[in-house]
Amino acid sequence: EPEVTQTPSHQVTQMGQEVILRCVPISNHLYFYWYRQILGQKVEFLVSFYNNEISEKSEIFDDQFSVERPDGSNFTLKIRSTKLEDSAMYFCASSEASRDTFFGSGTQLSVL
Amino acid sequence: AQSVAQPEDQVNVAEGNPLTVKCTYSVSGNPYLFWYVQYPNRGLQFLLKYITGDNLVKGSYGFEAEFNKSQTSFHLKKPSALVSDSALYFCAVRLSGNTPLVFGKGTRLSVIA
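Asker: Hey, could you run me through the overall build of chain B in this one?
Answerer: From N to C terminus, chain B includes zero helices and twelve strands. Along chain B, from the amino end to the carboxyl end, the secondary structure elements read β-β-β-β-β-β-β-β-β-β-β-β. By the compact-globule yardstick of 13 Å for 113 residues, chain B fits well, its C-alpha radius of gyration being 13 Å. Expressed as lengths along the three principal axes of its C-alpha atoms, the size of chain B is roughly 40 × 30 × 20 Å.

Shown next as structure tokens:
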């Protein structure tokens, strides 16, 4: 069964450093998403991406965040200068048009 | 704005007993409703959804959920719980096919042998 894959599964970084979280969505999907889950809290939407541009973003997704689809398969989330409060599990997701959303297994980001 | 409420942080049930995990929603318009399950150190797995049609929807692993428009609820149920059902369950809503999902805070289900 096709799946969304995310790398790395764990990322530890120092405050102020840049991190890039990587995702390979399901190959025929057109819509891509990033969500995050701070420990013990609910899953929160960050950004959606369609047709090579951001289609929607939440207030969490400020100027420190960016997304990119550098080639036909990868979808990345970059945090330019990490803060302690960016520590969370980050989930990538993808969907076909108006179909189910499939999530990856997540990247646990720890900012020290 | 859309919102989802899961009133219980924790649900405990004995193996073999029926289980219910509650979810209510608030949305302007017709909702698309979902249940996801998260096992430890894993991602979110799709369980089932309601888009339209029959109010009782059946999903993976023997789970089902009933859409109740008058009570704006979408409770998750299973007739006979298994220890392996122990996990974190999230209810989610969206307005249309490609809009972002809005999640509840999750309910931890513990099934005791």
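Next comes the rest of the description.
Asker: Help me out: how do you make sense of the sheet that holds strand β3 (residues 19-24) of chain A in this one?
Answerer: The strands making up a sheet are joined through hydrogen bonds of the backbone, oriented either antiparallel or parallel. All names here are of chain A. A sheet is described by the order of its strands in space; here four strands give the open sequence β1-β3-β8-β7, paired in antiparallel fashion. Either end of the sheet is taken by a strand with one partner, and the two such strands are β1 (5-7) and β7 (65-68). With direction set aside, neighbouring strand axes in the sheet form an average angle of 20 degrees. Looking at chain direction, β3 and strand β8 (residues 75-79) are connected through five bridges and run antiparallel. Following the sheet pairing, L21 is matched in β8 by L77.

Asker: Even after reading the chapter, I still don't get the pattern of salt bridges, so can you show me in this structure?
Answerer: A side chain of one charge can pair with a side chain of the opposite charge if their charged atoms are brought near each other. Within the structure shown, the criterion is met by five salt bridges over all chains. For K58(B), the salt bridge is made with E64(B), and the minimal N-O distance between the two is 2.9 Å.

Asker: Hey, could you run me through unusual backbone geometry in this one?
Answerer: Excluding glycine, residues mostly carry a negative phi; peptide bonds, for their part, are mostly trans. The step from T7(A) to P8(A) runs through a cis peptide bond, and the omega angle for that step is -10 degrees. Relative to the helices and strands, P8(A) resides in the loop between β1 and β2 (10-13). With phi around 60 degrees, Y61(B) is a residue other than glycine that occupies positive phi space. Along the polypeptide, Y61(B) turns up in the loop between β7 (56-58) and β8 (64-68). With a relative accessible area of 47%, Y61(B) lands in the partly exposed category. With phi around 45 degrees, T72(B) is a residue other than glycine that occupies positive phi space. Note on placement: T72(B) falls in the loop between β8 and β9 (73-78). Residue classification places T72(B) among the partly exposed positions, given a relative accessible area of 31%.

Asker: What am I meant to see in the state of the cysteines here?
Answerer: The full count for this structure, using the stated rule, is two disulfides over all chains. Between C23(A) and C92(A) runs a disulfide, and the two sulfur atoms are separated by 1.9 Å. Every disulfide takes its handedness from the sign of the S-S torsion; for C23(A) and C92(A) that torsion is -65 degrees, giving left-handed. In this pair, C23(A) sits in strand β3 while C92(A) sits in strand β9 (residues 88-95), placing the two residues 69 residues apart along the sequence. C92(A) matches C23(A) in its accessibility class, with the two residues each being buried. A disulfide bridge connects C23(B) with C91(B), and the sulfur atoms are separated by 2.0 Å. Disulfide C23(B) to C91(B): torsion about the S-S bond roughly -65 degrees, handedness left-handed. Within this pair, whereas C23(B) is found in the loop between β3 (19-21) and β4 (24-26), its partner C91(B) is found in strand β10 (residues 87-94), the two being separated by 68 residues in sequence. The pair C23(B) / C91(B) is uniform in exposure class, with both members buried.

What counts and how
Residues numbered from 1 in each chain as written. Chains lettered and ligands numbered in written order. Predicted model: local features only at pLDDT ≥ 70, side-chain atom pairs only at ≥ 80, totals over all residues. Heavy atoms only, no water. Helix = DSSP H or I, 4+ residues; strand = E, 2+ residues; numbered from the N terminus. Rg over C-alpha atoms; globule rule 2.2 N^0.38 Å. Pairing = 2+ DSSP bridges. Axes fitted to C-alpha atoms, helices over the stretch in contact; angles between N-to-C directions. Salt bridge = Lys/Arg side-chain N within 4 Å of Asp/Glu carboxyl O. Buried < 20%, exposed > 50% of the residue type's maximum accessible area, 1.4 Å probe, protein only. Disulfide = S-S within 2.5 Å.

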